[in-house]
Amino acid sequence: MLRIDKYLADCGLGTRSEVKKYIKSKQITVNGEVVAKPELKIDENADEVCFKGHPITYEKYVYYLLHKPAGCVTAKQDNVHKTVMEYFSEDVLAKDIAPVGRLDLDTEGLLLFTNDGPLTHHLLSPTHHIPKTYYAVLDKEVPTSAVEQFKEGVDIGDDKPTLPAELVILPIETDEDGNVFYSAELTIHEGRFHQVKRMFEAVGCTVTYLKRLSMGALTLGDLPKGEYRKLTEEEVATLQK
Ligand code: URA
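Residues numbered from 1 in each chain as written. Predicted model: local features only at pLDDT ≥ 70, side-chain atom pairs only at ≥ 80, totals over all residues. Heavy atoms only, no water.

**Regarding the overall build of the chain**
Right, on to step 1. Assigned secondary structure in the chain consists of 7 helices and 18 strands.
Right, on to step 2. For the chain, whose C-alpha radius of gyration is 23 Å, the value lies well above the compact-globule estimate of 18 Å for 241 residues.
Right, on to step 3. Counting only C-alpha atoms and orienting by the principal axes, one finds that the chain spans roughly 70 × 40 × 35 Å.
Right, on to step 4. Looking at the chain as a whole, 42% of its 241 residues are labelled buried.
Right, on to step 5. Long-range pairs, those at least 24 residues apart, make up 63% of the contacts in the chain between residues at least 6 apart in sequence.
Right, on to step 6. In the structure as shown, the chain presents an accessible area of about 13,200 Å², 52% of it carried by carbon and sulfur atoms.
Right, on to step 7. Computed over 29 positive and 39 negative side-chain charges, the separation of the two mean positions in the chain equals 8 Å. (Helix = DSSP H or I, 4+ residues; strand = E, 2+ residues; numbered from the N terminus. Rg over C-alpha atoms; globule rule 2.2 N^0.38 Å. Buried < 20%, exposed > 50% of the residue type's maximum accessible area, 1.4 Å probe, protein only. Contact = heavy atoms within 4.5 Å. Areas by Shrake-Rupley, 256 points an atom, 1.4 Å probe, with all protein chains shown as cover. Lys, Arg positive; Asp, Glu negative; His and termini not counted. Charge placed at Lys NZ, Arg CZ, Asp CG, Glu CD.)

**Examining the nonpolar core**
Right, on to step 1. Counting 32 residues, the largest nonpolar core has F113, L138, F150, L167, L186, M199 and F200 as its most contacted members.
Right, on to step 2. Looking at this core, the elements that each hand over two or more residues are strand 7 (63–68), strand 11 (107–114), strand 12 (132–138), helix 5 (145–152), strand 15 (180–188), helix 6 (195–202) and strand 16 (207–215).
Right, on to step 3. Split by domain, the residues of this core number at least three in each of domain 2 (63–126 + 225–240) and domain 3 (132–215).
Right, on to step 4. The residues touching F150, leaving out its near neighbours within four places in the chain, are L163, P164, A165, L167, L186, M199, F200 and V203.
Right, on to step 5. Counting residues in each nonpolar core, the second largest holds 15 residues, with L110, L119, V236 and L239 among its members. (Core = buried A, V, L, I, M, F, W, Y, C linked by side-chain atoms within 4.5 Å. Domains from an automatic or database assignment.)

**A word on the site of the ligand**
Right, on to step 1. Neighbouring residues of the ligand: L103, D104, T107, Y134, H194, Q195, V196, K197 and L210.
Right, on to step 2. In this structure, a nitrogen atom belonging to the ligand sits 2.7 Å away from a side-chain N or O atom of D104.
Right, on to step 3. In this structure, an oxygen atom belonging to the ligand sits 2.9 Å away from a side-chain N or O atom of T107.
Right, on to step 4. Protein chains shield 96% of the accessible area of the ligand, which is 230 Å² for the free molecule.
Right, on to step 5. Using a 2 Å cut-off from the grid points, one finds that the ligand occupies the largest pocket.
Right, on to step 6. By residue number, the principal contributor to the shell around the ligand is helix 6, which donates 3 residues.
Right, on to step 7. In terms of residue class, the shell around the ligand is made up of 4 nonpolar, 3 polar and 2 charged.
Right, on to step 8. Summarising the domain contributions, the shell around the ligand has at least three residues from each of domain 2 (63–126 + 225–240) and domain 3 (132–215). (Near = heavy atom within 4 Å. Polar contact = N/O pair within 3.5 Å; in protein donor to acceptor, adjacent residues only side chain to side chain. 1 Å grid on protein atoms, 1.4 Å probe; cavity = no way out; pocket = protein on both sides within 12 Å on 5 of 7 lines; lining within 4 Å. Sits in = over half its atoms within 2 Å of the grid points. Nonpolar A, V, L, I, M, F, W, Y, C, P; charged D, E, K, R; others polar.)

**Some thoughts on the layout of surface pockets**
Right, on to step 1. Taken as a whole, the largest pocket spans an internal volume of roughly 560 Å³.
Right, on to step 2. Going through the elements one at a time, helix 4 (117–124), strand 12, helix 6 and strand 16 are the ones with two or more residues in the lining of the largest pocket.
Right, on to step 3. Counted by class, the lining of the largest pocket contains 13 nonpolar, 9 polar and 7 charged residues.
Right, on to step 4. Summarising the domain contributions, the lining of the largest pocket has at least three residues from each of domain 2 (63–126 + 225–240) and domain 3 (132–215). (Points joined across faces, edges and corners; volume = space filled by probe spheres on them.)

**Details of the sheet that holds strand 6 (residues 54–55)**
Right, on to step 1. The strand order 3-2-5-6 describes an open sheet built from 4 strands, whose pairing is antiparallel. Each of the sheet's edge strands pairs with one partner strand only, and the pair in question is strand 3 (33–34) and strand 6.
Right, on to step 2. Relative to strand 3, strand 2 (residues 28–30) is paired through 2 bridges, and the arrangement is antiparallel. Of the residues in strand 3, the one forming a bridge with T29 is V34. (Pairing = 2+ DSSP bridges.)

**Observations regarding the pairing of strand 15**
Right, on to step 1. Here strand 12 pairs with strand 15 via 7 bridges, running antiparallel. Looking at the pairing, T133 lines up with T187 of strand 15.
Right, on to step 2. In terms of strand pairing, strand 13 (residues 166–169) meets strand 15 through 4 bridges, oriented antiparallel. Looking at the pairing, V168 lines up with E185 of strand 15.
Right, on to step 3. Two elements, strand 14 (residues 173–174) and strand 15, share 2 bridges in a ladder whose sense is antiparallel.

**Regarding the domain arrangement of the chain**
Interface size, as often reported, equals the accessible area lost upon joining of the parts.
Right, on to step 1. Split into domains, the chain comes out as domain 1 (2–55), domain 2 (63–126 + 225–240) and domain 3 (132–215).
Right, on to step 2. Centre-to-centre, using C-alpha coordinates, domain 2 lies 23 Å away from domain 3.
Right, on to step 3. Facing 12 residues of domain 2, the contacting portion of domain 3 comprises 11 residues.
Right, on to step 4. Buried surface at the junction of domain 2 and domain 3, both sides included, amounts to about 930 Å², of which 51% is carbon and sulfur. (Buried area = accessible area lost by both parts, 1.4 Å probe.)

**So, unusual backbone geometry**
Right, on to step 1. Positive phi is not limited to glycine here, since K52 has a value of about 50 degrees.
Right, on to step 2. Examined against the element boundaries, K52 turns out to sit in the loop between strand 5 (49–51) and strand 6.
Right, on to step 3. One non-glycine residue, H194, lies in positive phi territory at about 50 degrees.
Right, on to step 4. Assignment of secondary structure puts H194 in the loop between strand 15 and helix 6.
Right, on to step 5. Owing to a relative accessible area of 32%, H194 belongs among the partly exposed residues under this scheme.

Right under this line is the structure:
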């Protein structure tokens, strides 16, 4: 059982005060009866709730993917920097979403958000080795020996070496001003603190730009920086496997 105003806000109909206005103006019905007060308790699994005569469906869990820009922190609140939460609209935030894992302040790319606590726990558990692929720009050429080292696991100063990771060294590029770019794609199966940067440090390279391209079957695609989208049902199903 759930209060009708909380239920409506959870459905994304508006903020708690907005939905109270809808109740006051008799726009909400439960099983055909006009709702008189926001305290009314409903059974979210059985009652039919309508707004302006149209049935509302209750989504307990929601899943979003954000293209995180650099310069914002993966936190719910911060006194200094913009947070990743600030990219979402009020109705999405009303669902009480939180990031699954984190990206550094200067890292861009794919970041998953949900209010599905059990799934978050599952995805972040150390035994759940969901692959995450990053694109990295480095200050110098990555030694080809790093491919083998990363495949075997590399010592980054923790108790244990990293799990095997797949490194693809990309062709060296030069722009019209003669600037040379060294880059690589790295797929890791853990989520240690600053892991990608520390792995490249272990082979003598400094990461100057980092972007997460994918997480399991989820890919950033052409989602513009600073924007988010809902996961498809198929994408949610692949995460739950
Ligand atoms: N590894 C890092 O070093 N930084 C990130 O933001 C993510 C992975």
